[in-house]
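# Structure at a glance
What follows is each chain in one-letter form.
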Amino acid sequence: MNQKLHVSYVSAEISPFAKSGESADVASSLPKYLAHLGMEVSVFMPKYRRPEIESLPLECVMKELLVPVGEEKVKGSVYKAELGKCDVYFIDSPRHFWREDVYGTGKGEYLDNDERFVFFNRAVLEYLLEVKMPVDIIHCNNWPTALIPVFLKTHYLNKGLFKNTASVFTLHNVAYQGEFPPESLALTGLNWNYFTPSQLSFNGQFNFLKAGVIFSDVLNTVSSAYKREIQTEKNGWGVEEILRNRKNIFYSIRNGVDYEVWNSEKDPYIIANYSASNLKGKKKCKRDLLQEFGLSASPRTPLLSFISYLSSQKGLDILLEAMEELIQLRVRLVVLGKGDEKYENMLDAVQKKYPRKMGVKFDLSPGLTHKVAAGADICLIPSLYEPCGLTQLYSFRYGTVPVARATGGLRETVKPFSLKTQKGTGFVFKEYSSQAFLKAVKMALSCYAEPELWEKIMLAGMQEDFSWQISARKYAKLYHSALAIKRGG
Ligand code: GLC
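Residues numbered from 1 in each chain as written. Predicted model: local features only at pLDDT ≥ 70, side-chain atom pairs only at ≥ 80, totals over all residues. Heavy atoms only, no water.

It is worth spelling out the overall build of the chain at this point. Of regular secondary structure, the chain possesses 18 helices and 20 strands. The C-alpha atoms of the chain give 23 Å as radius of gyration, which agrees with the globular expectation for 489 residues (23 Å, within 12%). The C-alpha extent of the chain, read off along each of the three principal axes, is 65 × 45 × 40 Å. Within the chain, buried positions represent 60% of all 489 residues. The contacts of the chain with a sequence gap of at least 6 include a subset with a gap of at least 24, amounting to 72%. (Helix = DSSP H or I, 4+ residues; strand = E, 2+ residues; numbered from the N terminus. Rg over C-alpha atoms; globule rule 2.2 N^0.38 Å. Buried < 20%, exposed > 50% of the residue type's maximum accessible area, 1.4 Å probe, protein only. Contact = heavy atoms within 4.5 Å.)

As structure tokens, this is what we get:
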């Protein structure tokens, strides 16, 4: 473990530069904690046309990088920003990335995502090769980076630089697989011999995620419960068998929290800081949040929150179904989200109907997200499935108690409160139905009505420790296993 590892962490999204889901938070925090462990970490993402990237002090480190895409050599450039202990490299290609969104808009995915991410994957490898950057581990995340392990074992197999480079592929959500028609294979420059069910083809399509699963040296996901779930037919989104076949190299490491960013004691986004030993500031945060959403309520009225990307995964269907009844309970509700237009419209309609009880903002900027995390009493996480989930982990630190569905990482991190033992950190329900969800909310509200009891539950959550330090060490171990596999150990 003493040898200094060189890690290239590759992601299509990194907070705060571009974010469509929680994997962006992982990409902005895990590399930092790996660097704290003494690793040399470089991070790669596309250079989207976003103010968060354009306002950075960027250094152009390669003006012209020629990237093979199909028969063409496509010109790209590479920019670098130094962020604390890590360098972040932005791969630029206006034709592919000068767009505001990562994968598409609320109306649908971009039609050239195959080309965009083939380009990105090869550009990362070409750049490393060009500048001869030492690299022990290339850590890929989700389908948009899944072809790197494929390229390492094909086009780049005989390149000296990568002789001892192992690939690690993290699955943050197997529902998104990057499925394209067979013709997309042409973009990769690989021949049709690779398009077999044991390699790149899957149900007749070119499936990026599956390709990454087959070709990576080591595979992991973000909670052990989710790892189990996705190996079953019911929850495997069709890739269960492929995952089961890779079980010898398939691990799980739960995501951590960056407590330098998510911390009620020093959060700059909230109106008052507070801690487990002095909760006064939380009341001010609640008042501030109500005001932010144009709501008013007595301090004892429970304030519920829902913060999420608006997709069916996050339980929007049962939340919306439960909405009328939820609002009839004596509560206020704030919703922060962005995503599927269908859900935005439905939430908007509820808000218009109950303007004094519910507030909604289609905005997931850090300022508001932190305000909601701190100001609410209860956060609702009725996910259909949840590989890890970060909202509940953030909420704990702010004394905001989750009502969550027992699935994936939620099941693993929210300890169901029991009246008998008076122990637990949240309220949990199993069945994916609005009735089961409402029952758990009602149980939470009845505990909320007893301030002393409620404080006990808040404090139990605030004392939980989900820091990255622990998980980053597990990644260090995983990297060493990957190297041992790659180097035939
Ligand atoms: C995806 C998953 C979420 C997980 C995140 C980071 O967004 O849906 O559960 O926390 O990735 O791994």
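According to the domain assignment, the chain contains domain 1 (2-256 + 468-486) and domain 2 (280-462). The interface of domain 1 with domain 2 comprises 23 residues on the first partner and 21 residues on the second. For Arg 254, the salt bridge is made with Glu 412, and the minimal N-O distance between the two is 3.3 Å. Put simply, domain 1 and domain 2 have 12 residue pairs in polar contact (both at pLDDT 80 or more) between them. Those elements giving two or more residues to the side of domain 1 that touches domain 2 turn out to be α1 (23-36) and α8 (224-229). Take the side of domain 1 that touches domain 2: its biggest share by element is five residues, from α8. Tallied by class, the residues present in the side of domain 1 that touches domain 2 amount to seven nonpolar, nine polar and seven charged. (Domains from an automatic or database assignment. Salt bridge = Lys/Arg side-chain N within 4 Å of Asp/Glu carboxyl O. Polar contact = N/O pair within 3.5 Å; in protein donor to acceptor, adjacent residues only side chain to side chain. Nonpolar A, V, L, I, M, F, W, Y, C, P; charged D, E, K, R; others polar.)

Moving on, we come to the pattern of salt bridges. Following the criterion strictly, the structure yields 24 salt bridges and no others. Glu 52 is the partner of Arg 50 in a salt bridge, and the nearest nitrogen-oxygen pair spans 3.3 Å. For Arg 50, a relative accessible area of 18% gives the class buried. Relative accessible area serves as the criterion here: at 28%, Glu 52 is assigned to the partly exposed category. Residue Arg 411 is joined to Glu 229 by a salt bridge in which the shortest nitrogen-to-oxygen separation is 3.7 Å. Here Arg 411 is found in helix α15 (residues 408-413), whereas its partner Glu 229 is found in helix α8, with 182 residues between them in sequence. Residue Glu 229 is classed as buried on the basis of its relative accessible area of 10%.

Let us now look at the packing of α1 against helix α18 (residues 468-486). In contact at an axis separation of 9 Å, α1 and α18 are set at 75 degrees when each is read in the N-to-C sense. Considering their axes alone, α1 and α18 lie roughly perpendicular with respect to each other. Across the interface between the two elements, Val 26, Ser 29, Leu 30, Tyr 33 and Leu 34 of α1 pack against Trp 468, Gln 469, Ala 472, Tyr 475 and Tyr 479 of α18. Looking at side-chain class alone, the contact of α1 with α18 contains eight nonpolar, two polar and no charged residues. (Axes fitted to C-alpha atoms, helices over the stretch in contact; angles between N-to-C directions. Parallel < 35°, antiparallel > 145°, perpendicular 65-115°, else oblique.)

Quick look at the site of the ligand now. The ligand sits among Glu 22, Ser 23, Val 26, His 172, Asn 173, Val 222, Asn 255, Gln 313, Glu 386, Pro 387, Cys 388 and Gly 389. Here an oxygen atom of the ligand sits 3.0 Å away from a polar atom, N or O, in the main chain of Cys 388. The fraction of the free accessible surface of the ligand (310 Å²) that becomes covered by protein chains is 94%. Across the shell around the ligand, the residue classes tally to four nonpolar, six polar and two charged. Of the residues that make up the shell around the ligand, three or more belong to each of domain 1 (2-256 + 468-486) and domain 2 (280-462). (Near = heavy atom within 4 Å. Areas by Shrake-Rupley, 256 points an atom, 1.4 Å probe, with all protein chains shown as cover.)

We now examine the sheet that holds strand β16 (residues 332-339). Across a sheet, paired strands are connected by hydrogen bonds in the backbone, their directions being either parallel or antiparallel. In space, the six strands of this open sheet follow the order β17-β16-β15-β18-β19-β20, with parallel pairing throughout. The open sheet has two edge strands with one neighbour each: β17 (358-361) and β20 (427-429). Shown here is a sheet whose adjacent strand axes are inclined to one another by a mean of 15 degrees, direction ignored. Where strand β18 (residues 378-381) lies against strand β19 (residues 401-405), four bridges are found, and the strand directions are parallel. The partner of Ile 381 across the bridge, within β19, is Ala 404. (Pairing = 2+ DSSP bridges.)

Within the secondary structure layout, Gly 426 lies in the loop between α15 and β20. Those residues in contact with Gly 426 that sit more than four places away from it in its chain are Val 401, Pro 402, Val 414, Lys 415, Pro 416, Phe 417 and Ile 457.

With that settled, the discussion passes to a positive patch on the surface. Taken together, the side chains of Lys 280, Lys 283, Lys 284, Arg 287 and Arg 300 make up a positively charged region of the molecular surface. Note that Lys 283 resides in helix α10 (residues 280-292). Residue class for Lys 283 comes out exposed when judged on its relative accessible area of 60%. (Patch = residues over 30% accessible without salt bridge, like charges linked within 9 Å, V, L, I, M, F, W, Y side chains within 5 Å. Lys, Arg positive; Asp, Glu negative; His and termini not counted. Charge placed at Lys NZ, Arg CZ, Asp CG, Glu CD.)

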